[in-house]
Amino acid sequence: MTYRAPVDAIRLSLETVGGLARDMADGRAGGLTPDDLTGILCEAARFAEERLAPQNQRGDRQGCRLADGVVSTPDGWPGLYRAWAAAGWNGVDLPTLWGGMGLPARVAVATMEMWTSANMAFALGPVLTQGAADAIERHGSELLKLRYLPGLVSGDWTATMNLTEPQAGSDLGMLRTRAERGPDGAYRISGGKIFITYGAHDLTEQIVHLVLARLPDAPPGTKGISLFLVPKLLPDGSLNTVRCNGLEHKLGIHASPTCSMNFDGAAGWLVGEENRGLACMFTMMNKARLFTGLQGVAIAERAFQRALEFARTRRQGRAPGSAGQEPSVLIEHPDVRRNLAAMRALTAAGRALAHAAARAMDLAHVGTDAAERSDADERAAMLTPIVKAWCSDMGCDVTSIGIQIHGGMGYVEETGAAQHFRDARITPIYEGTNGIQAIDLVTRKVLRPNSVVAETLAAEYAQAGAAAEVAGLAEVGAPVIDAARALADATAWLRRNVNDHERLLGAATPYLKLFGLAAAAALLAETAVGARRRQDLGAGDPVLRRAIGDAAFFARTFAVAAPSLAAMLRGSVVPGVEDLAA
Ligand SMILES: Cc1cc2nc3c(=O)[nH]c(=O)nc-3n(C[C@H](O)[C@H](O)[C@H](O)COP(=O)(O)OP(=O)(O)OC[C@H]3O[C@@H](n4cnc5c(N)ncnc54)[C@H](O)[C@@H]3O)c2cc1C
C-alpha cells in the first residue's frame, strides 16, 4: 500500500474544529449520521488507497499527450475516472435536487483530501467540475441548470475555469477574449486562453467551459467582464468551435492536462448578468481556493507517510544510546524525528484550518438565523485566503522536508518523494498567487469597513489557548495565547497604517503567515482539548495521543515564532525599485 488514508485523524479534526459532531447531533449536517460518516470516509479511503494511489507515479511518468487536437490522459485513466464518478463521489456536497448527496462541504473536504493525497493530478479535475456546478447553481438560468447540472453533478461531464490569457494572469482586468451578442440569445466567444486545467481530455465526452470574456460595449477593467458557459458539445450534439491547441510541459502534475484553448466564435450562454462575471466566477474560485489549500494538506500527508516509511527502514550512523553493532534506522536519530514530527504537525495544522473554513462555509448556508449566516459568511471569507496560501506554502515546505529525509534518494525520481515536491509547487501559484491572497486578506477582508472579524478570531484563538491550559495542556496553551496576542497586535498595526498603502501591501504576506500560524495553533489546541476529553472518558485510540502530541509540537516549535513574525511585519520596509535594480 503506497498510501493509507488517515481516516481517524481526519474524523477527529472534522468532529472537533470542524464542529461536525455537534452539527450531526443537532440535525444540521444534511441528515448525516455518525454511521453514515464512517461509511463514507471508509469507502472513500478504499477507493483512494486501492485505485487512485497506484496510478499516481505511473501517471506522472506517462503524462498527457496531444495529437490532432485530441488530448489523451495516461493509460487507464478514462476507466478510473468512470469508476470514480459512477460511485457518486463527484456529488458529495452538491445539491440533491441535481443528483448530489447534499452533505456538508466538510465531508467533501474530507473525501477530497484522500483523492488528492492518493493522486493529485486526478483529483484536480473534479475540483473544477464541482466549483463550476456551484457557480451554475447559484448564478445560472433555469435552462442552464436543467441542461448542465445533472451531468456535472454526476461527474458524467467535467468543467473548466477559463480565466487566464497571456497578458492577463493576476490582473484579470486585462483580459481580451471577446463575446458578441447573437440573434438567438446565445453569444459568440472568440479569443485564446492559456493554462486551462483539463481543458481537453478523454475522460468524458462533454466538457463545460466557464469562460470570462468582454462584450464590445463593456467598461474597461474588471467591471467589464462577463461569464459564459461554453460547452464542447452543443445541445444538438454537434461540436462547438472550441479547441485545445497546446499542452504545457511542466514541473509537476504531469497527468493533469494544462491546455491552451482557442475559442473561434464558439456558442456560449451568459451566466449571471452582463459585466458581473467576476462576481459569479468568485463562487467557483472560493471553493477552488479552499481545495487548493487542501491540496497542500493532502500532498503533505502523502509526503509524510513516504518519509516515515523510509526513515523506518534505511540504516545510517549510530543514534544516541543505540545498542548492538548495527547502524541505526534513520528514525532513531533525533534530527530525523524532529523533521518527521514537523511534517506531521504542519499537516494536521493545515487540515484543521481547512476544516474550520469549510465549517464556516457550511454555516453560511445552514445557520439558524440571518445573523449566524452572515457571521459565518464573513469568517469563511476571512479564512479562505489563509487556507489557500498558508496550507499551500506548508505543502511545499513539508514535501521539501520529505525529500530531505530521503537524502539523495529523495532527489532522484525513484522513490516518489520528488514527485510530491514537484506536484505541490503549483499550489501557491494557481487560483490566485499567494501574494494576491495576502493582499486580498488585508485590504478586502481585515480592513473591510466596519469589520471586526479579525479581532474576534484573535480573541477566540486566545480563548482556545486558555481552554488548553484549563485542560492541563499548559505547554500548548501558553504559546497559543502569545500567538493570538501577536495577531491582535499586528491587526491593530494594520489599522494604524490603513492609509500607507506601500507599507500595508509590503506587510501583507507576513501578516497572512502570522494569521495562519496563530489560527492553526489555536485549532490544534482545540483538537487536543477534544482528544484529552475523550481520553478522560476512557478512550485509548492512538489518534488522540497523536493529536495532543501534534498540538504540543506545533505550539513549542512553530507558534512560538508568532511574536517575531509580528515584529518583522511592523519593522519591515520593502526596498524601492531603484535599490533592488542598482
Ligand atoms: C499548472 C497550471 C494550471 C492552471 N490552471 C488554470 C485554470 O484552470 N484556469 C485558469 O484560468 N488559469 C489557470 N492557471 C493560471 C494561473 O491561475 C496563473 O498562472 C496565476 O493566476 C498567476 O498568473 P500569472 O502566471 O500570469 O502570474 P503573474 O500575474 O504575472 O504574477 C507573477 C508574480 O507577480 C506577483 N504579482 C502579480 N500582480 C501583483 C500585484 N498586483 N501585487 C503584488 N504582486 C503581484 C504574483 O504574486 C506572482 O508572484 C494555471 C496555471 C498553471 C501553471
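Rules of the game
- Starting afresh in each chain, residues are numbered from 1 along the sequence in its written order.
- Note on the predicted model: pLDDT of at least 70 is required for a residue's local features to be given, and 80 or more for side-chain atom pairs to be given and counted; whole-chain, interface and lining totals, by contrast, use all residues.
- Each side-chain value is derived from all of the structure's non-hydrogen atoms; neither hydrogens nor water enter the calculation.
- A 1.4 Å probe rolled over the protein chains alone gives each residue an accessible area, and that area as a share of the maximum for its type sets the label: buried under 20%, exposed over 50%, partly exposed in between.
- In this text, helices come from DSSP runs of H or I with a minimum length of four residues, and strands from runs of E with a minimum of two, each type numbered from the N-terminal end.
- Two strands form a pair only when DSSP identifies at least two bridges running between them.
- Any residue with a heavy atom lying within 4 Å of a molecule or strand is counted as near it.
- For the purposes of these results, a polar contact is taken to be a pair of N or O atoms within 3.5 Å, where, inside protein, one atom must be able to donate a hydrogen and its partner to accept one; residues adjacent in sequence count only when each atom of the pair is a side-chain atom.
- Computed with the Shrake-Rupley method and a 1.4 Å probe, the accessible areas treat only the protein chains shown as cover for residues.
- Think of it as three bins: nonpolar holds Ala, Val, Leu, Ile, Met, Phe, Trp, Tyr, Cys and Pro, charged holds Asp, Glu, Lys and Arg, and polar takes everything else, Gly as well.
- Note on method: axes are straight lines fitted to C-alpha atoms, helices fitted across the in-contact stretch only, with angles between N-to-C directions ranging 0 to 180 degrees.
- By the definition adopted for this analysis, an angle is roughly parallel if under 35 degrees, roughly antiparallel if over 145, roughly perpendicular if from 65 to 115, and oblique otherwise.
- A crossing counts as left-handed when the near helix is turned anticlockwise from the far one by less than a right angle, and as right-handed when that turn is clockwise.
- In summary, the pairing rule links any two rings of Phe, Tyr or Trp, Trp by its six-membered ring, whose centres are within 6.5 Å, and it sorts them by plane angle into stacked for under 30 degrees, edge-to-face for over 60 and tilted for everything else.
- Note on criteria: charge over ring means Lys NZ or Arg CZ within 6 Å of the ring centre, with the direction from the centre no more than 35 degrees off the ring normal.

## Some remarks on the pairing of strand 3 (residues 158–162)
So, point 1. The buried count for strand 3 comes to five of five residues, which makes it a mostly enclosed element.
So, point 2. Across the two faces of strand 3 the burial is the same, with Thr158, Thr160 and Asn162 and Ala159 and Met161 all buried.
So, point 3. Here five bridges tie strand 3 to strand 6 (residues 207–213), and the two strands are oriented parallel to one another. If you follow Thr160 over to strand 6, its bridge partner there is His209.

## So, the site of the ligand
So, point 1. In the region of the ligand, 18 residues are neighbours, and Met161, Thr164, Ser170, Phe195 and Thr433 sit closest.
So, point 2. Here a nitrogen atom of the ligand sits 2.7 Å away from a polar atom, N or O, in the main chain of Met161.
So, point 3. Thr197 is positioned with one of its side-chain polar atoms (N or O) 2.7 Å from a nitrogen atom of the ligand.
So, point 4. The fraction of the free accessible surface of the ligand (970 Å²) that becomes covered by protein chains is 61%.
So, point 5. Those elements that place two or more of their residues in the shell around the ligand are strand 3, strand 5 (187–197) and helix 14 (434–446).
So, point 6. Per-element accounting of the shell around the ligand gives the leading share, three residues, to strand 5.
So, point 7. Of the residues contributing to the shell around the ligand, the split by class is nine nonpolar, seven polar and two charged.

## Structural notes on the packing of helix 9 (residues 277–313) against helix 11 (residues 370–406)
So, point 1. Contact geometry for helix 9 and helix 11: axes closest at 8 Å, N-to-C directions at 20°. Between helix 9 and helix 11, the angle is such that the two are roughly parallel. Crossing of helix 9 over helix 11 shows left-handed handedness.

## Thoughts on the packing of aromatic side chains
So, point 1. Enumeration over the complete set of coordinates arrives at 14 aromatic pairs.
So, point 2. An angle of 90° between the planes, with centres 6.3 Å apart, marks the rings of Phe47 and Trp115 as edge-to-face. Here Phe47, found in helix 3 (residues 34–52), pairs with Trp115, found in helix 6 (residues 105–118); they are 68 residues apart in sequence, far enough to count as distant.
So, point 3. Members of the aromatic cluster, each reached through a chain of ring pairs, are Phe47, Trp77, Tyr81, Trp84, Trp89, Trp115 and Phe122.
So, point 4. Here the guanidinium or amino end of Arg147 rests over the ring plane of Trp269, the centre of that ring lying 5.6 Å away.

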